[in-house]
Amino acid sequence: MIQKLLMDESIKQFTLTKNEIRSDIKSGNIRNIEMNISLKIVYADSDDEEEVTFENYINDWLYDVKMGKIKPTSFDRLENTVKYQVVPYIGGIAINRLCSHDIEGMIQELKEDYSYSTIKKAFEAVKACLKYAKQRNIIYNNPAELVELPKNNEALKIKFWSDYEMSLFKNEALRTDEYGMYVYRLGAAFIFLLSTGIRVGEALALKWSDIDFEKSIVHINKNVALVKNRDAQKNDKRYVVVEQTAKTRSGIRIVPLNNLAVSSLEKLKKINGNFEFVLANSKGGYTLHKNLDRVFKNILENCGLEKTGIHTLRHTFASKLFRSGTDLKIISEILGHSDIQVTSDIYVHVMQEQKMSAVNLVDFL
């Protein structure tokens, strides 16, 4: 293949390096020749003329470039995104033939089965990978730069509870048996989440040293997550619990505690006061997110509430703040969002309701 390309009489001189080839002439045709030869040198044997698929390239990028440079939880998410939302749709296309229409087609197909956030992750992974390929002179243009991700129209799907639903949930989560023992060992943990709006991973990482009862505040500076055990031997666990710092600077924050949050912590202290972690399991170690989620679903079922995720507690807390007239910037800081635009995008429907209520209170006639 390379010999055939070198026979082009319009090419006067080539410079050949370990992984690319360049000519002195920079016409569009010569650029294509350079890119094709570069791909052959990097990915193919001398007698193998098959083009490099995007699946091969993005997997190389994933494990050779990204692995070890991002947090384990972030890498796990990226790995799953590539495996399930990218490769099945455009993985078989040669990287030097991938175009914006292919990427737009991937997005349209993903819209049939996945949420906006999942689609966005897939698009960002493709765009980042192609950006790297362009920097390495594997491709001349990044076709993802010509693709515009559709706007998020899922804001109205955010689930939050009414005061009545909150009351039902609270009564069930804190229910006691005939001996005065809590039916759900960590039931108060859900009330704590409901009254602070912190993320589940942040709550699982909390230690009693992070709580200041005198000042009624909690210091948020880390989170806990379950990630793949990439050093696992045959009999080792496939997943391990890791504690990691907050994803962004805004994630490290001080959250004020209202009376309900304080009383919830006091209940938890009677159960876990001898352990290091606020939400420790019965042996004092980390409580896993999936175990907390299972208990949450049991509470919902037993009090007759519709199935939803634990994140509903955070959304409910935020919606209460909006309805109380709390400033958007303050809400954003309490929630630990990177900026107020993130908060606005998520809770746009709540803000709209608040505006309507404010206008209806004014009597113009």
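About the thresholds
Residues numbered from 1 in each chain as written. Predicted model: local features only at pLDDT ≥ 70, side-chain atom pairs only at ≥ 80, totals over all residues. Heavy atoms only, no water. Helix = DSSP H or I, 4+ residues; strand = E, 2+ residues; numbered from the N terminus. Buried < 20%, exposed > 50% of the residue type's maximum accessible area, 1.4 Å probe, protein only. Contact = heavy atoms within 4.5 Å. Areas by Shrake-Rupley, 256 points an atom, 1.4 Å probe, with all protein chains shown as cover. Core = buried A, V, L, I, M, F, W, Y, C linked by side-chain atoms within 4.5 Å. Pairing = 2+ DSSP bridges. Phe/Tyr/Trp six-rings, centres within 6.5 Å; stacked < 30°, edge-to-face > 60°. Lys, Arg positive; Asp, Glu negative; His and termini not counted. Salt bridge = Lys/Arg side-chain N within 4 Å of Asp/Glu carboxyl O. Polar contact = N/O pair within 3.5 Å; in protein donor to acceptor, adjacent residues only side chain to side chain.

J.: Quick question: what am I supposed to make of the overall build of the protein chain here?
T.: Along the protein chain, the regular secondary structure elements total 15 helices and seven strands. Every one of the 365 residues in the protein chain was classed for burial, and the buried ones make up 40%. Counting only contacts in the protein chain whose residues sit at least 6 apart along the sequence, the fraction spanning at least 24 positions is 59%. For the protein chain, the accessible area works out to roughly 21300 Å², and carbon and sulfur atoms hold 50% of it.

J.: Mind showing me how you'd approach the environment of valine 262 here?
T.: Structurally, valine 262 can be placed in helix 10 (residues 259-272). On the accessibility criterion, valine 262 (15% relative accessible area) is buried. C-alpha separation for the pair valine 262 and serine 216, spaced 46 residues apart in sequence, amounts to 7.2 Å. Residues within four places of valine 262 in sequence aside, it is in contact with Phe213, Ser216 and Leu257.

J.: Even after reading the chapter, I still don't get the nonpolar core, so can you show me in this structure?
T.: Ranked by size, the top nonpolar core spans 51 residues in total, and within it Phe169, Leu268 and Leu313 carry the most contacts. The element contributing the most residues to this core is helix 8 (residues 187-196), with seven residues. In this structure leucine 268 touches Leu186, Ala188, Ala189, Trp208, Gly273, Val278 and Leu279, once residues within four positions along its chain are discounted. In this structure, Ile58, Phe75, Phe123 and Leu130 belong to the second largest nonpolar core, which totals 33 residues.

J.: Mind showing me how you'd approach the sheet that holds strand 7 (residues 253-256) here?
T.: Note: strands within a sheet are paired through backbone hydrogen bonds, in either parallel or antiparallel orientation. Strands sit in the order 3-4-7 across an open sheet of three strands; the sheet is antiparallel. Each having just a single partner strand, strand 3 (211-212) and strand 7 make up the two edges of the open sheet. When strand 4 (residues 217-220) meets strand 7, the two strands line up antiparallel, connected through four bridges. Counterpart to isoleucine 220 in the pairing with strand 7 is arginine 253.

J.: Which parts of the structure should I look at to understand the packing of aromatic side chains?
T.: Remark: the centre distance and the inter-plane angle together describe each pair of aromatic rings, the angle taken between the planes. In the structure shown here, the tally under the stated rule is eight aromatic pairs. Their ring planes at 45 degrees and their centres at 4.6 Å tell us that phenylalanine 277 and tyrosine 286 sit as a pair that is tilted. Phenylalanine 277 sits in the buried class, given a relative accessible area of 8%. Ring geometry for phenylalanine 322 versus tyrosine 347: centroids 5.7 Å apart, planes at 45 degrees, classification tilted.

J.: Would you explain the environment of alanine 173 in this entry?
T.: Note on placement: alanine 173 falls in helix 7 (residues 163-173). Spatially, the C-alpha atom of alanine 173 lies 9.5 Å from that of asparagine 298, the residues being 125 residues apart in sequence. When neighbours within four sequence positions are excluded, alanine 173 is seen to be in contact with Tyr184, Gly187, Ile191 and Ile299.

J.: Whenever I open this one, unusual backbone geometry confuses me. Can you help?
T.: Glycine aside, the phi torsion of most residues is negative, and most peptide linkages are trans. Although it is not a glycine, asparagine 137 adopts a positive phi angle of roughly 65 degrees. The exposure class assigned to asparagine 137 is partly exposed, which follows from its relative accessible area of 28%. With a phi close to 55 degrees, serine 216 is a non-glycine residue in the positive phi region. Relative to the elements of secondary structure, serine 216 occurs in the loop between strand 3 and strand 4. Residue serine 216 is classed as partly exposed on the basis of its relative accessible area of 25%.

J.: Mind showing me how you'd approach the side chain of arginine 314 here?
T.: Relative to the assigned elements, arginine 314 resides in helix 12 (residues 311-323). Lacking a salt bridge, the buried arginine 314 has glutamate 202 as its closest oppositely charged neighbour, with an N-O distance of 4.9 Å. Polar side-chain contacts of arginine 314 include one of 2.6 Å to the backbone oxygen of glycine 197. When residues no more than four places from it in sequence are discounted, the contact partners of arginine 314 are Gly197, Ile198, Arg199, Arg253, Leu335, His337 and Tyr347.

J.: Explain the pattern of salt bridges to me, please; I cannot follow it from the model alone.
T.: Taken as a whole, this structure holds nine salt bridges when the rule is applied. Notably, a salt bridge pairs arginine 175 with glutamate 172, separated by 2.9 Å at the nearest N-O pair. A relative accessible area of 35% means that arginine 175 is categorised as partly exposed. Through salt bridges that share partners, Arg199, Glu202 and Arg253 make up one connected network.

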